[in-house]
Amino acid sequence: MLDLDPILLLPLALVLLLMALPVISRKIWGPVTYVPVHIVKRMQDSNESMLLLDLRDRKAYSQAHIDGAINVTPDRLDDFLQGSVGDDRPIVLVCQSDLSATRHAARLAKAGYDSAAAMKGGMFAWKRAKYPTLSKA
């Protein structure tokens, strides 16, 4: 039997918890529509109409964001969408990993925004796919 030092188990437990967070968050907030990054990129390349909302703070957005994304922090999301009444474009929410986007997409779906979706993997997945980003200096 393995004789592991309990101190070594703590980082392992932390890694396992971090890996499980996306699955846990989806169970907590309910069913959410996800859009893979390659679909968002294809929509962008084909000039398909979508409302791409970046939920990250202003600093993260200015460092790197997707072309065409609008920076709307979660506390301003409802006000922004109320100002977009009549806009029937699909809403794609982006955050760093997809945890915040998942939560807010579920909330928007419950509020009647049927086209609200979270970009799967967030900016981490976008950058991992080596898709271009813009920055504001």
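Please refer to the structure placed before this passage.
Keep in mind that what you see is a predicted model, and the values were worked out from it rather than measured.

Helix and strand content of the protein chain: six helices and five strands. Among the 137 residues that make up the protein chain, the fraction classed as buried is 36%. Sequence-distant contacts, at least 24 apart, represent 68% of the contacts inside the protein chain between residues at least 6 apart.

This part covers the sheet that holds strand 5 (residues 116-119). One open sheet holds the five strands; their spatial order is 1-5-4-2-3, and the pairing between them is parallel. One side of each edge strand has no neighbouring strand; the edge strands of this open sheet are strand 1 (34-35) and strand 3 (70-71). Bridging between strand 4 (residues 91-94) and strand 5 involves three bridges; their strand directions are parallel. From the neighbouring strand, Val-92 faces strand 5, where its bridge partner is Ala-117. The sheet contacts of helix 5 (residues 99-110) involve strand 1, strand 4 and strand 5, and relative to strand 5 the element is tilted by about 170°.

Turning our attention to the pattern of salt bridges. It is possible for side chains of opposite charge to pair when their charged atoms get near one another. For the structure on display, the rule yields three salt bridges. Across the salt bridge formed by Asp-45 and Lys-41, the nearest N and O atoms sit 2.8 Å from each other. Pair noted here: Asp-45 and Lys-41 are both in helix 2 (residues 37-45), with a separation of four residues, about one helical turn. Linking Asp-54 and Arg-56 is a salt bridge whose minimum nitrogen-to-oxygen distance equals 2.8 Å.

To continue, consider helix 2. One full turn of an α-helix is made of 3.6 residues, so residues set three or four places apart face in the same direction. Listed in full, the buried residues belonging to helix 2 are Val-37, Val-40, Lys-41, Met-43 and Gln-44. Along helix 2, the residues classed as buried sweep out an arc of 160° about the axis, all on the same side. For helix 2, the exposed residues lying more than 90 degrees away from the buried face are Arg-42 and Asp-45. Looking at the buried residues of helix 2, the elements they touch are strand 1, strand 2 (51-54), strand 4, strand 5 and helix 6 (122-128). Two residues or fewer after helix 2 comes Asn-47, characterised by a positive phi angle close to 55°.

Given two aromatic rings, their pairing is described by the distance between the two centres and the angle made by the two planes. Summed over all chains, the structure comprises one aromatic pair. Sitting over the face of the ring of Tyr-34, Lys-120 holds its NZ or CZ atom 5.2 Å from the ring centroid.

Tracing the chain through its elements places His-65 in the loop between helix 3 (58-63) and strand 3. By relative accessible area, His-65 is classed as buried at 4%. At a separation of 2.9 Å, a polar atom in the side chain of His-65 contacts the main-chain carbonyl oxygen of Tyr-61.

In this section: the pairing of strand 4. Alternating residues of strand 4 divide into Ile-91 and Leu-93 and Val-92 and Val-94, and every residue in both groups is buried. Here strand 2 runs beside strand 4; their pairing, made up of four bridges, is parallel. In the strand pairing of strand 4, Leu-53 is matched with Leu-93. The parallel pair strand 4 and strand 5, bridged by helix 5, forms a crossover whose chirality is right-handed.

What counts and what doesn't
Positions within a chain are numbered from 1, following the residues in the order the chain's sequence is written. For a predicted model such as this one, the threshold for reporting local features is a pLDDT of at least 70, and the threshold for listing and counting side-chain atom pairs is 80 or more; totals across whole chains, interfaces and linings nevertheless cover every residue. To get the side-chain values, all heavy atoms of the structure are used, and hydrogens and water are removed first. Numbering of helices and strands starts at the N terminus; helices are DSSP runs of H or I of at least 4 residues and strands are runs of E of at least 2. For every residue, the accessible area obtained with a 1.4 Å probe (protein chains only) is divided by the maximum for its type, and the residue is called buried under 20%, exposed over 50%, and partly exposed between those limits. In what follows, a contact means two residues having at least one pair of non-hydrogen atoms within 4.5 Å. Strands qualify as paired when DSSP identifies two bridges or more between them. Axes, fitted as lines to C-alpha atoms, cover a helix only where it is in contact. Angles between the N-to-C directions of the axes lie from 0 to 180 degrees. Between Lys or Arg on one side and Asp or Glu on the other, a salt bridge is scored when a side-chain nitrogen of the former is within 4 Å of a carboxyl oxygen of the latter. This arc is built from the directions going out from the helix axis to the C-beta atoms. For Phe, Tyr and Trp, rings pair up if their centres lie within 6.5 Å, where Trp contributes its six-membered ring, and each pair is then called stacked (planes under 30 degrees apart), edge-to-face (over 60) or tilted (otherwise). Distance and angle both matter: a charge sits over a ring if NZ of Lys or CZ of Arg is within 6 Å of the ring centre and within 35 degrees of the ring normal. Polar contact is defined as a pair of N or O atoms within 3.5 Å, subject to the rule that within protein one atom must be able to donate a hydrogen and the other to accept it, and that residues adjacent in sequence are counted only when both atoms are side-chain atoms. A crossover counts as right-handed when, viewed with the strands pointing away from the observer, the path leading from the first strand over the helix to the second turns clockwise.

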